[in-house]
Amino acid sequence: MELKIRVLILSFFLLCVCSNAQNKAVQLDTLSYLKTFEVNKKEYIGKKFSYLLCKMNKIQPQTVWIIPNSKDSAVVEKSLFRFYDMNYPIMNEVKMMITWDMGLPYKTLNFNNRRNKFYFSESEKRFYGNRIVKNILVYR
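Residues numbered from 1 in each chain as written. Predicted model: local features only at pLDDT ≥ 70, side-chain atom pairs only at ≥ 80, totals over all residues. Heavy atoms only, no water.

### Some details on the packing of aromatic side chains
Here's step 1: Throughout the structure, instances matching the rule amount to twelve aromatic pairs.
Here's step 2: Look at Y33 and F37: their rings are 5.2 Å apart centre to centre, the planes differ by 85°, and that puts the pair in the edge-to-face class. Within this pair, Y33 and its partner F37 are both found in helix α1 (residues 2–39), separated by four residues, close to a single helical turn. Exposure class is identical for Y33 and F37. Each is buried.
Here's step 3: Measuring from centroid to centroid gives 6.1 Å for F120 and Y128, while their planes differ by 50°, and the two rings are tilted. Both residues of the pair, F120 and Y128, belong to the buried class.
Here's step 4: Three or more aromatic residues joined by ring pairs make a cluster, and in this case those are F49, F81, W100, F120, F127 and Y128.
Here's step 5: The aromatic ring of F127 is capped on one face by R131, whose charged end is 4.0 Å from the ring centroid. (Phe/Tyr/Trp six-rings, centres within 6.5 Å; stacked < 30°, edge-to-face > 60°. Helix = DSSP H or I, 4+ residues; strand = E, 2+ residues; numbered from the N terminus. Buried < 20%, exposed > 50% of the residue type's maximum accessible area, 1.4 Å probe, protein only. Lys NZ or Arg CZ within 6 Å of the ring centre and 35° of its normal.)

Shown next, in the form of structure tokens:
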């Protein structure tokens, strides 16, 4: 009986280790995939965000977070896009920060964030889709 318990514990341990290794591989794939957009940002700068979203055919943002301007809190200059469900945070997750060509109204974005619980909804895709990209930064 004791041997069966040891085998079960060992099997569970190996399953956890393998699962963790697969998650790390997915993170690395996500990082390298999204880094291609940063490396090729000249293709996206000056164009609508919808163009960038259209090119992201392997993964789409799941949540969006606003970064108010340090000089004027009524304006949002940057938005942070996360690619994982916020209910399942991943350590060292990959993020994409978009700097906008023109500041966006904080009140509107804050309302949308609260209404959609930070998830990147269809209405937000339409709202952000018409905004012009000034810069792209991908980081972990």
